[in-house]
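Next come the chains, spelled out residue by residue.
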Amino acid sequence: MVQINSEETKKLIADLVSIPSPSGNTNEVISFVEKFLKELQIDTYRNRKGGLIATIVGQDTKKHRMLTAHVDTLGAMVKEVKANGRLKIDLIGGFRYNSIEGEYCQIETQNGKKYTGTILMHQTSVHVYKEAGKLERNQDNMEIRIDEKVRTAEEVRALGIEVGDFVSFDPRVELTPSGYIKSRHLDDKASVGILLQLIKQIKNEGITLPYTTHFLISNNEEIGYGGNSNITPETIEYLAVDMGAMGDGQSTDEYTVSICVKDSSGPYHYELRKHLVRIAEENKIGYKLDIYPFYGSDASAAIRSGHDIVHGLIGPGIDSSHAFERTHVSSIENTAKLLYYYVQSNLVI
């Protein structure tokens, strides 16, 4: 049975989630990944969208695989500099305002200056607003309180803050003694960390892959088009490594690898799904099959773009996705093991 360096993977995930990278502003985290792979002497290049592609040449160079995970996260943008010195925001990605109420955040100006703040209801104080608990959490009622002495729009603009500035959320990452990883942005930086560790393991163990394999670190998945391009004509299998969603009626948990059979785009490739299950069962890897009704991945984006590929989706189980996320190291390990054996397996067609 393959050995997974869980401690190193957890630290890498913690480093990744600590780098602000809302969709549209991902250069810093892409540079971090680029540096990590450069130190392993892995060939990489950036596409025009700002994503990163790493390639490991395999025995068969006429048939390719592609694996993808994304570094872009949920976030926001300054929508309006309000007369009271607060900021109205517009959301980046699919989540709800209630999931960021009370969250610490960072505003990055166009010239690179960074300011901290807190996302609050305008009517937060229960000593002033009788209906504070009943009001809707929406764009009109929520705002950023900037940690600077500003009381007017003019004072805010004097700091360099303007409409269109990116807002990122404090991840509040924590690694618990019981093996949990608690943090925002585990979607999908947990899987990015797993893929980077997989590449490192392939390199360190001197593994020759059966097929040339590309690793796309995409940077626009949360807005729907991170992995729909830069797929070589030779690519036959395309596996998105993202997250398994948990909730009522779902089988995914925080301790196994989730293999998606269907999401909002429809069923994933049946033969690839069965292949992944066989690998898991043959190697005693804990897994769950699941359907995600309100979910789309880079693999489904690639299919929608017209690519003739075999597509699949797996990932660690993440509790409270797009909000207060958590997973367990055992889910990270099971995902890593499945990927380790998968990249060394035969294609399904």
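Here, the structure is the one placed above.
Sequence order sets the numbering: in each chain, residues are counted from 1 along the sequence as written. Selection of residues for local features in this predicted model requires a pLDDT of at least 70, selection of side-chain atom pairs for listing and counting requires 80 or more, and totals for whole chains, interfaces and linings are taken over all residues. Based on all heavy atoms of the structure, the side-chain values leave hydrogens and waters out of the count.

## Observations concerning helix 5 (residues 270-282)
Inference 1: With 13 residues, helix 5 should cover 18 Å at 1.5 Å per step; its first-to-last C-alpha distance of 18 Å lies within 8% of that length.
Inference 2: Think of it in three bands: residues with accessible area under 20% of the maximum for their type are buried, residues over 50% are exposed, and the middle band is partly exposed, with areas taken using a 1.4 Å probe on protein chains only. Helix numbering and strand numbering both begin at the N terminus, where a helix is a DSSP run of H or I of at least 4 residues and a strand a DSSP run of E of at least 2. Taken residue by residue, helix 5 has Leu 272, His 275, Leu 276, Val 277, Ile 279 and Ala 280 as its buried positions.
Inference 3: Only heavy atoms matter for contacts: two residues are in contact if any of them lie within 4.5 Å across the pair. In the core, the buried residues of helix 5 are packed alongside strand 3 (60-70), strand 13 (235-241), strand 15 (257-263), strand 17 (287-292), strand 18 (310-318) and helix 7 (329-342).
Inference 4: Just past helix 5, the residue Lys 284 takes up positive phi, approximately 55°. Here the expected span of a helix is defined as 1.5 Å times the quantity of residues minus one.

## Digging into unusual backbone geometry
Only a minority of non-glycine residues have a phi that is not negative, and only a minority of peptide bonds are not trans.
Inference 1: The omega torsion across Asp 187 and Asp 188 is 10°, close enough to zero to call that bond cis.
Inference 2: With respect to the helices and strands, Asp 188 occurs in helix 4 (residues 186-204).
Inference 3: Backbone geometry places Arg 172, a non-glycine residue, at a positive phi of 55°.
Inference 4: When you line up the elements, Arg 172 lands in the loop between strand 9 (166-169) and strand 10 (174-175).

## Quick word on the sheet that holds strand 11 (residues 180-182)
Inference 1: Any two strands are treated as partners once DSSP identifies two or more bridges connecting them. An order of 10-11-19 is seen for the three strands of this open sheet, with the pairing classed as antiparallel. On the outer flanks of this sheet lie strand 10 and strand 19 (326-328), each paired with one strand and no other.
Inference 2: Bridge count for strand 11 against strand 19 is three bridges, and the pairing is antiparallel. When the bridges of strand 19 are listed, Ile 181 appears paired with Thr 327.

## So, the packing of helix 4 against helix 7
Inference 1: Here, axes are lines fitted to C-alpha atoms. For helices the fit covers the stretch in contact, and angles between N-to-C directions go from 0 to 180 degrees. Closest axis-to-axis distance for the helix 4/helix 7 pair is 10 Å, and the angle between their directions is 45°. The angle between helix 4 and helix 7 falls in the class oblique. Along this stretch, helix 4 crosses helix 7, giving a crossing that reads as right-handed. Contacts between helix 4 and helix 7 involve Ala 190, Ile 194, Leu 195, Leu 198 and Gln 201 from the former and Ile 332, Thr 335, Ala 336, Leu 339 and Tyr 340 from the latter.
Inference 2: Broken down by class, the residue content of the contact of helix 4 with helix 7 amounts to eight nonpolar, two polar and no charged. Working definition: roughly parallel below 35 degrees, roughly antiparallel above 145 degrees, roughly perpendicular at 65 to 115 degrees, and oblique for all remaining angles. Note on convention: near helix rotated counterclockwise from far helix by under a right angle means a left-handed crossing. Clockwise means right-handed. Classification convention: Asp, Glu, Lys, Arg as charged; Ala, Val, Leu, Ile, Met, Phe, Trp, Tyr, Cys, Pro as nonpolar; all other residues, Gly among them, as polar.

## Some thoughts on the side chain of Thr 213
Inference 1: Counting through the fold element by element, Thr 213 comes out in strand 12 (residues 211-218).
Inference 2: Setting aside residues no more than four positions away along its own chain, Thr 213 makes contact with Ala 54, Thr 55, Ile 56, Arg 65 and Leu 67.

## Digging into helix 1 (residues 6-17)
Quick reminder: α-helices carry 3.6 residues per turn. Residues three or four places apart thus point the same way.
Inference 1: Spanning twelve residues, helix 1 covers 16 Å between terminal C-alpha atoms, matching the ideal 16 Å at 1.5 Å per step.
Inference 2: Inspection of helix 1 places Ser 6, Thr 9, Lys 10, Leu 12, Ile 13, Ala 14, Leu 16 and Val 17 among the buried residues, and these make up the whole buried set.
Inference 3: On the buried face of helix 1, the contacting elements are helix 2 (27-39), strand 10, strand 11, helix 4 and helix 7.

## Some details on the pairing of strand 3
Inference 1: In this sheet, strand 12 lies alongside strand 3 in parallel orientation, the contact comprising eight bridges. Paired with His 70 across the two strands is Ser 218, which belongs to strand 12.
Inference 2: Where strand 3 and strand 13 come together, five bridges link them in parallel fashion. Residue Arg 65 lies in a different strand from strand 13, and its bridge partner there is Glu 237.

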